[in-house]
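Observations on the three-dimensional arrangement
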Amino acid sequence: MPKAVAAAPRLSRRPPTACRRAGARLLTAVILALAAVQGVSVAALQLPFNGWDELPHIAVAYYVHKTGHMPTPRTPMPRELVPFITAHPHPTTSLCMLRGIDARPYPGASPACGAEPKKRFDLFLYQAQHGPLFYHLAALFCPGPEPGKMLAWVDAGRLINVALLVCTLALWRLTLGRLLPDAGPLRWLPDGVLLLLASFSYVTYDFARFANDGLALFCGSAALAAYVAWIKPHGACAARACWRPGLLGGLVGLAVLAKATALPLVPVFAVLLALPALRRGLTLRARLAALAAPTAFVLGYAAVAGAYHLPYLLRYGQLTGMQEAIYTSRRGFGFLDLLGAAGRLGYGIFRNPLTYNATVFLGGWSNLQSPDWQNLAFKTGLAGCTLALAAALCVRGNRRLAADLVRRGPELPLLWICCALALLFHALHSTLAWGFPTTGAWYAMAALPALFTGMLVGPALLGRLAGAQAVLYLAALFNWGAISGSYGNLLVQETGTADLGRGAAIVAAHHALLPTPAAGLLVAQFALAALALALTVREALTAPDAAGTLRLVRTDAPCRTDVATDSGLPERTGT
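Per chain, residues are indexed from 1 in the order of the written sequence. Thresholds applied to this predicted model are a pLDDT of at least 70 for local features of residues and 80 or more for the giving and counting of side-chain atom pairs; totals over whole chains, interfaces and linings are not thresholded and use all residues. To get the side-chain values, take all heavy atoms of the structure and skip hydrogens and water.

Overview of the overall build of the protein
Put simply, the rule reads: Strands here are runs of E lasting at least two residues and helices are runs of H or I lasting at least four, both read from the DSSP assignment and numbered beginning at the N terminus. Atoms counted for the radius of gyration: C-alpha only. Globule rule: 2.2 Å times the number of residues to the power 0.38. Each residue gets one of three labels from its accessible area relative to the maximum for its type: buried under 20%, exposed over 50%, partly exposed in between, using a 1.4 Å probe on protein chains only. The contact criterion used throughout is that any non-hydrogen atoms of two residues lie within 4.5 Å. Where accessible areas are quoted, they stem from the Shrake-Rupley method and a 1.4 Å probe; at the residue level, only the protein chains shown are allowed to cover. Charged-residue counts in this description rest on Lys and Arg as positive and Asp and Glu as negative, His and the chain ends being excluded. A single reference atom marks each charge: NZ on Lys, CZ on Arg, CG on Asp, CD on Glu.
Regarding its fold elements, the protein presents 22 helices and four strands. Its C-alpha radius of gyration of 26 Å places the protein within 12% of the 25 Å reference for a compact globule of 575 residues. For the protein, the C-alpha atoms occupy an extent of roughly 90 × 65 × 45 Å along the three principal directions. Within the protein, the fraction of its 575 residues that count as buried is 55%. Within the protein, contacts between residues at least 6 apart in sequence are counted, and of these 76% link residues at least 24 apart. Carbon and sulfur atoms make up 66% of the accessible area of the protein, which totals about 24,200 Å². Within the protein, one finds 47 positive and 25 negative side-chain charges whose respective centroids are separated by 10 Å.

Shown next as structure tokens:
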């Protein structure tokens, strides 16, 4: 008669083979090369001022070069920049801030970026709301207001941020490799998430511009990597080892001084470092000793970033100079007013910054977006991955694997939650200040790896074929959206021509250091994307399936039952 048969006995977890390690290193190198090529392409394809808030960032850095100190958010734009500003066309979003200046729009016909604004305003240096670190570093190399030298300075800033993009992705690969299993059905997730990060247009456009976001994300990613590789393995730090959390706090302070979007890292690390003190069975003395680590972290953070927070706390009761929060504070709005603004956010299941508004491509201040079919495909991918996770969790073995994953890497869900709360804070204040939310999805880009990990976990638990299909679908969609949006839509609107060679030559005339975005970069981007896709799909297909189902075969052996193990291999138990 048919009997339940178990699988082989539990095998001790073995380290990855030398062949698989070499394959993983090759895949990581290919993905980082893809990110570098795509970053240089986007930096070269964008005309000056097309990056999000790029013109105000440039103006603040120049002001620091000129005066030696930070401006206020109400400081007018330095008039010496007018020749540089008028030497290049502007998207409509930038143009509306240039009243009384002979600045011209993009020659393309798109109303998103090529139209004369209905009304122009005077540009104030509102980006002075951020910390001073990036602007003082950039001001060290500012050559002065001469347009040609300014252009080279801006190009250099873009290239440095592209280098920070590659370094940040390498740090995230290190972090994900420590937090996610290195064996079993989820072993390919670090490379799959890294491929999605390198392919997603928001990531590249956030870095490949003259702005402080790249430095903030790099410092924040370095802090997270330092925690998982340098502090977490030691467990609860003794009082004599509190210099590690202290240095971690200083590194997070540098990230916040670059841009306050790194502020969610503070509660993340404070909670993670305080968790050992909450364990059961500790004596009071041991509990107080465990609290030394979060205390050292807070002191290290305050030593670096305290001077930035203190004036805003004393004057406005706010931690940062976020213009929306200061505006609502001046107007006397309180907590109940914020709650009332929640009903005017206008967000939906997919239309919200947590899911990047389910938009595959957004071309900086041009506001050019991917076509509807690409956005619908992204929504389909989000919904499909959510359903796959729900289906996978119906199996008890998969629920145990998912629980082990959260226990192994609580940093990812905690980071996502804190970033989600930060986005909500900004959305409520901006809605209360301006009547609608002005929250950019890239404000919480530090948590994007957590989002992509959550999207790929469900298909990976369903089986290696489902996991391979999911990463292939999403990565192919992201790469096509980024390439078609940049080389197609954006280049056409910036130059007014659909001819790739002619458009590349026109854009190249507005750069001093960046290469001409010709066919060579496009071919290299296609080739690297195809190779990275093939290698990642191979990794997913060679991973073991997650166990958890009972199999019946005819046998005369004693009854045995399949039990899933963490490595995806079954454990044999005799009865």
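Some points on the environment of Ala303
Relative to the elements of secondary structure, Ala303 occurs in helix α13 (residues 292–316). Take Ala303: its relative accessible area is 66%, and that puts it in the exposed class. Along the sequence, Ala303 and Gly253 sit 50 residues apart, while their C-alpha atoms lie 8.2 Å from each other.

Quick look at the pattern of salt bridges
Which entries qualify depends on this criterion: Here, a salt bridge means any side-chain nitrogen of Lys or Arg that lies within 4 Å of a carboxyl oxygen of Asp or Glu.
According to the stated counting rule, one finds eleven salt bridges in the structure shown. Here Asp191 makes a salt bridge to Arg173, at a shortest N to O gap of 2.9 Å. With a gap of 18 residues between them, Asp191 in helix α7 (residues 189–199) and Arg173 in helix α6 (residues 147–179) connect regions that are remote in the sequence. For the pair Asp191 and Arg173, one class covers both residues: buried. Notably, a salt bridge pairs Asp213 with Lys259, separated by 2.8 Å at the nearest N-O pair.

Some points on the packing of aromatic side chains
For clarity, the cut-off: The rule is short: rings of Phe, Tyr and Trp, with Trp giving its six-membered ring, pair when the centres are within 6.5 Å, and they are stacked under 30 degrees, edge-to-face over 60, tilted in between.
Following the criterion strictly, the structure yields 23 aromatic pairs and no others. Between Phe452 and Phe478, the ring centres sit 5.7 Å apart and the planes meet at 40°, which makes this aromatic pair tilted. A residue pair is termed long-range when its members are at least 10 positions apart, and Phe452 in helix α19 (residues 448–462) and Phe478 in helix α20 (residues 464–495) qualify at 26 residues. Take Phe452: its relative accessible area is 0%, and that puts it in the buried class. Among the aromatic residues, those joined into a ring-pair cluster are Trp52, Phe200, Tyr202, Tyr356, Phe378, Trp442, Tyr443, Phe452 and Phe478.

Observations regarding the nonpolar core
This is how the line gets drawn: We define the nonpolar core as a collection of buried residues of types Ala, Val, Leu, Ile, Met, Phe, Trp, Tyr and Cys that are connected through side-chain atoms lying within 4.5 Å of one another.
Judged by nonpolar contacts, the single largest core of 160 residues is most densely connected at Phe269 and Phe452. In this structure Phe269 touches Ala223, Leu224, Tyr227, Leu248, Val252 and Phe297, once residues within four positions along its chain are discounted. The next biggest cluster of nonpolar side chains, apart from the first, holds six residues, and it includes Leu338, Ala341, Leu428 and Leu432.

Side note on the packing of helix α11 (residues 265–274) against helix α18 (residues 411–434)
Note the following rule: Each axis is a line fitted through C-alpha atoms, and for a helix only the stretch in contact is used; angles between axes span 0 to 180 degrees, taken between their N-to-C directions. Any angle between 65 and 115 degrees counts as roughly perpendicular, while under 35 counts as roughly parallel, over 145 as roughly antiparallel, and the rest as oblique. The crossing is said to be left-handed when, going from far helix to near helix, the turn is anticlockwise and less than a right angle, and right-handed when the turn is clockwise. Ten residues, namely Ala, Val, Leu, Ile, Met, Phe, Trp, Tyr, Cys and Pro, are considered nonpolar, four, namely Asp, Glu, Lys and Arg, are considered charged, and the remaining ones, Gly among them, are considered polar.
α18 packs onto α11 with a crossing angle of 140° between their chain directions and a minimal axis gap of 9 Å. Between α11 and α18, the crossing angle belongs to the class labelled oblique. Between α11 and α18 the crossing geometry is right-handed. Packed against α11, whose contacting residues are Leu265, Pro267, Val268, Val271 and Leu272, the element α18 presents Glu411, Leu414, Leu415 and Cys418 at the interface. Residue composition of the contact of α11 with α18, by class: eight nonpolar, no polar and one charged.

Overview of a nonpolar patch on the surface
Threshold: Like-charged residues are merged into a patch within 9 Å and nonpolar side chains (Val, Leu, Ile, Met, Phe, Trp, Tyr) within 5 Å, provided each residue has over 30% relative accessible area and no salt bridge.
Side chains of Trp416, Ile417, Leu421 and Leu424 sit close together on the surface and give an oily, nonpolar patch of about 370 Å² of accessible area. The class of Trp416 is partly exposed, set by a relative accessible area of 33%.

Some words on the state of the cysteines
We apply this condition: Here, two cysteine sulfur atoms that lie within 2.5 Å of each other are counted as a disulfide.
By the definition in use, this model includes zero disulfides. Just so you know, Cys167 is unpaired, no disulfide at all, and the nearest cysteine sulfur is the one on Cys219, 11 Å from it.

A closer look at helix α2 (residues 54–67)
Condition: One less than the residue count of a helix, multiplied by 1.5 Å, gives the span that helix is expected to have.
Here α2 is 14 residues long and its end C-alpha atoms lie 20 Å apart, about the 20 Å a rise of 1.5 Å per residue gives. Among the 14 residues of α2, eleven are classified as buried, and the element is accordingly described as predominantly covered. For α2, the complete set of buried residues consists of Glu54, Leu55, Pro56, His57, Ile58, Ala59, Val60, Ala61, Tyr62, Tyr63 and Val64. Turning to α2, the residues buried within the fold contact α3 (82–86), α4 (92–95), α5 (133–139), α6 and α9 (213–231).

Some details on unusual backbone geometry
The phi angle of most residues is negative, glycine excepted, and most peptide bonds adopt the trans form. Positioned with a positive phi, Asp53 is a non-glycine residue whose angle comes to about 55°. Looking at the element boundaries, Asp53 is found in the loop between α1 (18–45) and α2. Phi is positive for Asn367, which is not a glycine, with a value near 60°. Structurally, the position occupied by Asn367 is in the loop between α15 (335–341) and α16 (372–392).

Quick look at α19
How we decide: What the bend at a residue measures is the angle between two axes, fitted to the seven residues ending there and to the seven starting there.
Between the first and last C-alpha of α19 there are 23 Å, a value that for 15 residues agrees with the 21 Å anticipated at 1.5 Å per step. In the structure, α19 departs most strongly from a straight axis at Leu456, where the bend amounts to approximately 25° and where the proline Pro459 lies between one and four residues downstream. Most of α19 sits out of view: 13 of its 15 residues are buried. A positive phi of about 150° marks Gly463, the residue just after α19.

Quick notes on the environment of Val471
One can find Val471 in helix α20. Overall, the relative accessible area of 1% leaves Val471 in the buried class. Excluding residues within four positions of it along the chain, Val471 makes contact with Trp188, Gly192, Leu196, Leu456, Leu533, Thr536 and Val537.

All we've got here are geometric facts, nothing functional implied.
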